[in-house]
Amino acid sequence: MNMSGGTEGEVQHEIVIVGAGICGLATALALHRKGIKCIVLERSESLRYIGGGIGIMANGWRALHQLGVDSILKQTADPIVGSKDIWLDKNKQRDMSFMSSEARCLRRSDLINTLYNALPPNVVKFGHQIVSVKLDPQTNNPILQLQDGNSLSSKVLVGCDGANSVVADFLQLKHTKVAGLCSARGLTNYPNGHPFTNEFVRMKRNNTAVGRVPIDSKLVYWFVAHPWVQTDTQIPQDKELIRQYTLQSVKSFPKEIVELIKDTDYETLSFTRIRYRRPWDLLLGSFRKGTVTVAGDAMHVMGPFIGQGGSAGLEDAIVLARNLAKKMSMTPTDPRSIEEALDQYVKERRMRIVRMSTQTYLTGKLITESTPLLVKFACIILMILLFRDASGHTKYDCGTL
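Residues numbered from 1 in each chain as written. Predicted model: local features only at pLDDT ≥ 70, side-chain atom pairs only at ≥ 80, totals over all residues. Heavy atoms only, no water.

### Observations regarding the nonpolar core
The biggest cluster of nonpolar side chains holds 89 residues, and the ones touching the most others in it are Leu67 and Leu324. Looking at this core element by element, the count peaks at 10 residues for helix α10 (residues 309-328). Sequence-distant contacts of leucine 67, defined by excluding residues within four places in its chain, comprise Ala26, Leu29, Ala30, Arg33, Leu115, Leu314 and Ile318. Ile86, Tyr190, Ile242 and Ile257 belong to the second largest nonpolar core, which has 20 residues in total. (Core = buried A, V, L, I, M, F, W, Y, C linked by side-chain atoms within 4.5 Å. Buried < 20%, exposed > 50% of the residue type's maximum accessible area, 1.4 Å probe, protein only. Helix = DSSP H or I, 4+ residues; strand = E, 2+ residues; numbered from the N terminus. Contact = heavy atoms within 4.5 Å.)

Set out below in structure tokens:
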């Protein structure tokens, strides 16, 4: 990176975004659409696609439309027409139609590459890992210390650096919690076409849940979730171990599920323990200090139970860029104006993410076998009171860019 003022060894930029995941790239693109320059610092040497696939619901597609990439992405994935929940040990089934609402499952690589390709060249700086953040005692600008010993400063810093966010630590947000569940995920290709309908199917037997959803006529995304045990610690390091362990978990499921996992693409396999921020921490947390804030998983990582992690990050990008553009167009050099923009962003997002996280948290408690019966009963009551419309979270509109 070129030197441009500041103290020796320090580079200055208008806006720095940390993390080139879905939210980081979407935030950069939203700012670009508003004519605001920024850079994205990514610790890896290339783009990462961990997770294989990602479901995007109607609210996420509204955000992608504002970014101008929805029409490109819709060409890569077929619509999901509904969902089906099957309890194998109870011989029970529940169906829901998505016909009046946009829903598709995308390859993570398609989503990330599309966002990246829509950006100007050299916006993303690879191989730049930050280790700490501080505020300049004279200007109050954020200063990032990099792992290579260099530093850079900016007028605005946005942490999109995931569940273990360095920027969130600077804001002194409560640490994320680990759920009692872990998840294996992957993509399976059927060269001659798969036999599945365009539905999101979830099957459950005892403590194990399996989900599958087609991306197109040949590619299927799947996940398997089950209680985490101490012996799971070494699994993420070995893809063959992930496959064998997952096959063992689903051996009592229908044959097509076993075959789906048996034939999966090795490169897309991943195994993670589910992390989340508690709803009350989101309600009370301070998401802005000076001109530093967070977005995406760094702000509100949540379990996958309502499928909103990625879409929520896309919403963050639109709301953040809209508020920054409004203030920076009037008083671009006034840090107080930028702080007001970030405060407005946090105000707009807080209750939205608290509500989504609460629904996710309660759903996670209900499907976890170790949750005490009394707690489950309380969760059911809260779900009835707060989330009578279980898919209401998909109807949200984050507004125009």
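Text resumes after the structure shown.
### Some points on the pairing of strand β5 (residues 92-97)
In summary, the side chains of a regular strand alternate between the two faces of the sheet. Direction of pairing for strand β4 (residues 82-87) relative to β5: antiparallel, over a ladder of 6 bridges. Within the sheet, the bridge partner assigned to serine 83 lies in β5 and is methionine 96. The hairpin formed by β4 and β5 contains 4 residues between the paired strands, and asparagine 91 there has a positive phi angle of roughly 55 degrees. (Pairing = 2+ DSSP bridges.)

### Some details on the pattern of salt bridges
Going through the model one piece at a time under the given rule, you end up with 21 salt bridges. Arginine 288 is paired through a salt bridge with glutamate 339; the nearest N and O atoms lie 3.6 Å apart. Within this pair, whereas arginine 288 is found in strand β16 (residues 288-289), its partner glutamate 339 is found in helix α11 (residues 335-367), the two being separated by 51 residues in sequence. The class of arginine 288 is partly exposed, set by a relative accessible area of 22%. (Salt bridge = Lys/Arg side-chain N within 4 Å of Asp/Glu carboxyl O.)

### Quick word on the sheet that holds strand β14 (residues 219-227)
Reading across from one edge, β5-β4-β12-β13-β14-β11-β15 is the order of the 7 strands in this open sheet, with mixed pairing throughout. This sheet does not close on itself; its edge strands, each paired only once, are β5 and β15 (270-276). Within this sheet the neighbouring strands show an average axis-to-axis angle of 20 degrees, counted without direction. Bridge count for strand β11 (residues 177-189) against β15 is 6 bridges, and the pairing is antiparallel. By the bridge assignment, alanine 184 is partnered in β15 with phenylalanine 271. In the packing of helix α6 (residues 239-249) onto the sheet, the strands contacted are β11, β13 (208-214), β14 and β15, and the crossing angle to β14 comes to about 70 degrees. (Axes fitted to C-alpha atoms, helices over the stretch in contact; angles between N-to-C directions.)

### Considerations on the packing of aromatic side chains
Taken as a whole, this structure holds 6 aromatic pairs when the rule is applied. Pairwise contacts between aromatic rings join Tyr276, Trp280 and Tyr361 into one cluster. Note that arginine 273 overlies the ring of tryptophan 228, its terminal NZ or CZ placed 3.9 Å from the centroid. One residue, lysine 289, lies across the ring of phenylalanine 170, its end atom 4.9 Å from the ring centre. (Phe/Tyr/Trp six-rings, centres within 6.5 Å; stacked < 30°, edge-to-face > 60°. Lys NZ or Arg CZ within 6 Å of the ring centre and 35° of its normal.)

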